[in-house]
Amino acid sequence: MIKISYPIDPIELQKFKQDYIDIFFKYVQYRDAVEDTYKIKSKLNNLGIPSIDIKILLVEDFSTLCEKEEKIDYLKLSSAYFTKYPEKDLKVEDYCTKYKSKVLKALNYEGRQAQISNFFMQNNDKLQLGTCYTCNIDFINMFDDIGDYQNSVEFCNEADAIELQKIEKIDEVQASKIIKIRNISLLTSISQLSSVLTAEEIDFLNNMTLKQQYKHFTLDHFLDKGSNPILSLSLFNFVPMCYPCNSLFKRTLPIVVDKKKDCYLSPTHKDYMFDANVSFSYINHNPTSKIDNVEDFQLKLAYKDDAYKIHSRIFKLDGRYKAHKEIVLDLHNNSIDYSETQIKEFAKMSKNNTIENRSNIKKVIFGKEIFDGEVQKIPLTKLKRDIAKQIGIDGVKET
Ligand SMILES: [Zn+2]
């Protein structure tokens, strides 16, 4: 439903990709596994058979990945592949089998889920994670498990022993030392703990560095790793999704049947344009009067490109959005109660009839997210914007 925002600045994008490569290559076992593939790679290249550069494969853009996957489908070792090389000796098949096993070992997803999830969490700001890219209904944010404190001093003065231990390097002993000191006199600076804590422990407290963060999302392989094993670690094959979308609805159902033709249906693809091709609309038989009940109108998804229907079918968008018809009802009724003329009147009454003030009044009435901000930040924004456009509310932000 929503295209994933990757860094636009080329230098920032390059760093983003390099950081992703590094989460694997910082481990010597991983470097060795990749090194193993290189030994056979040169033999394949000498025989004129395409091979894979694993580093590139990890960060290749999605459309190239889809094309590449086809070219190197000999990894699936279909017997038909070898008929393309009738002039070569039997060693070809032998090299390919060995190469496949080494490549798949280097690209094995099992045991690496946590590292990849952490990468997405650490790049929260760059990716602007907010709501699920697939449904725009549920949040896919991260959260920590401590209360809301203004700063580290307030945290050290008020947190109980269990909460204190959520900070890196702080265990039961350090927590009781902190409590003992603050019981004598409340802290005004973390450095007052320097007699009982190490510099490192104080540093973690100062920065409120937590041992663990939690996430509200799962990572989905857009092209499933069972049928496309060489894409199982590719950055641009991952879509962060809410739990219902990934676990209840998608599971391993394929959205893309023909990789060459349909790969633009991935929110990671540069040409993904669900928003421009699919819109919510409601059918109301008397648009000038207020609606009493959600049963009195229908909410539909309209398609300019029918290929996107697969999203709605798999993620049950029609049924899930039907549960949010109340929002449409409120927008419709508010647009009748508060016309542009009435909004001008409000602005005049407040003795501030500027465009800015009129726009602020509209934000209060209809919801700020209709006019401002990224569509993925607040749940159901796509629905609200589409309906607001249909009603004819001025100033709706293009998503
Ligand atoms: Zn979702």
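Computed from a predicted model, the values in this text were never measured in an experiment.

Describing the overall build of the chain
The secondary structure content of the chain amounts to 21 helices and six strands. Here the C-alpha radius of gyration of the chain, 27 Å, is well above what a compact globule of 399 residues would show, namely 21 Å. Taking the principal axes of the C-alpha coordinates as reference, the chain spans close to 90 × 70 × 35 Å. By the burial criterion, 29% of the 399 residues in the chain qualify as buried. Taking as baseline every contact in the chain between residues at least 6 positions apart, the subset at least 24 positions apart corresponds to 67%.

Things to note about the nonpolar core
Cys132, Cys135, Met241, Cys242 and Ile387 are the most contacted members of the largest nonpolar core, which has 61 residues in total. Per element, the largest residue contribution to this core is four residues, and it comes from helix H6 (residues 91–106). Each of two domains, domain 1 (10–115) and domain 3 (273–391), supplies a minimum of three residues to this core. Those residues in contact with Cys135 that sit more than four places away from it in its chain are Met1, Cys242, Cys245, Phe315, Leu317 and Arg320. Core analysis: the next-biggest nonpolar cluster, separate from the first, contains 12 residues, Phe155, Ala159, Ile167 and Ile178 among them.

Quick word on the domain arrangement of the chain
For the chain, the domain assignment lists domain 1 (10–115), domain 2 (152–206) and domain 3 (273–391). Here domain 2 and domain 3 have C-alpha centroids that lie 49 Å from each other.

Section: helix H13 (residues 243–250)
What H13 keeps buried is the set Cys245, Asn246 and Lys250. On an axial view of H13, the arc spanned by its buried residues comes to 90 degrees, and they lie on one face. In H13, the exposed residues that point more than 90 degrees away from the buried face are Ser247 and Leu248. Along its buried surface, H13 packs onto strand E3 (218–221), strand E4 (238–241) and helix H16 (309–315). Positioned one or two residues after H13, Arg251 has a phi angle of 50 degrees, which is positive.

Some details on the packing of helix H18 (residues 325–337) against helix H21 (residues 381–391)
Packing of H18 against H21 brings their axes to within 10 Å, and their N-to-C directions diverge by 35 degrees. Classified by chirality, the crossing of H21 by H18 is right-handed. Of the residues in H21, those in contact with Ile327, Val328, Leu331, His332 and Ser335 of H18 are Leu383, Lys384, Ile387, Ala388 and Ile391. Here the residues of the contact of H18 with H21 are counted per class, giving seven nonpolar, two polar and one charged.

A look at the pairing of E4
A two-sided burial pattern is seen for E4, the buried positions comprising Phe238 and Pro240 on one face and Val239 and Met241 on the other. Looking at chain direction, E3 and E4 are connected through four bridges and run antiparallel. Across the sheet, residue Thr218 finds its bridge partner in E4, namely Met241.

The rules behind the values
Residues numbered from 1 in each chain as written. Predicted model: local features only at pLDDT ≥ 70, side-chain atom pairs only at ≥ 80, totals over all residues. Helix = DSSP H or I, 4+ residues; strand = E, 2+ residues; numbered from the N terminus. Rg over C-alpha atoms; globule rule 2.2 N^0.38 Å. Buried ≥ 20, exposed ≤ 12 C-beta atoms within 10 Å, placed from the backbone. Contact = placed C-beta atoms within 7 Å. Core = buried A, V, L, I, M, F, W, Y, C linked by C-beta atoms within 7 Å. Domains from an automatic or database assignment. Arc of directions from axis to C-beta. Axes fitted to C-alpha atoms, helices over the stretch in contact; angles between N-to-C directions. Left-handed = near helix turned anticlockwise from the far one by under 90°. Nonpolar A, V, L, I, M, F, W, Y, C, P; charged D, E, K, R; others polar. Pairing = 2+ DSSP bridges.

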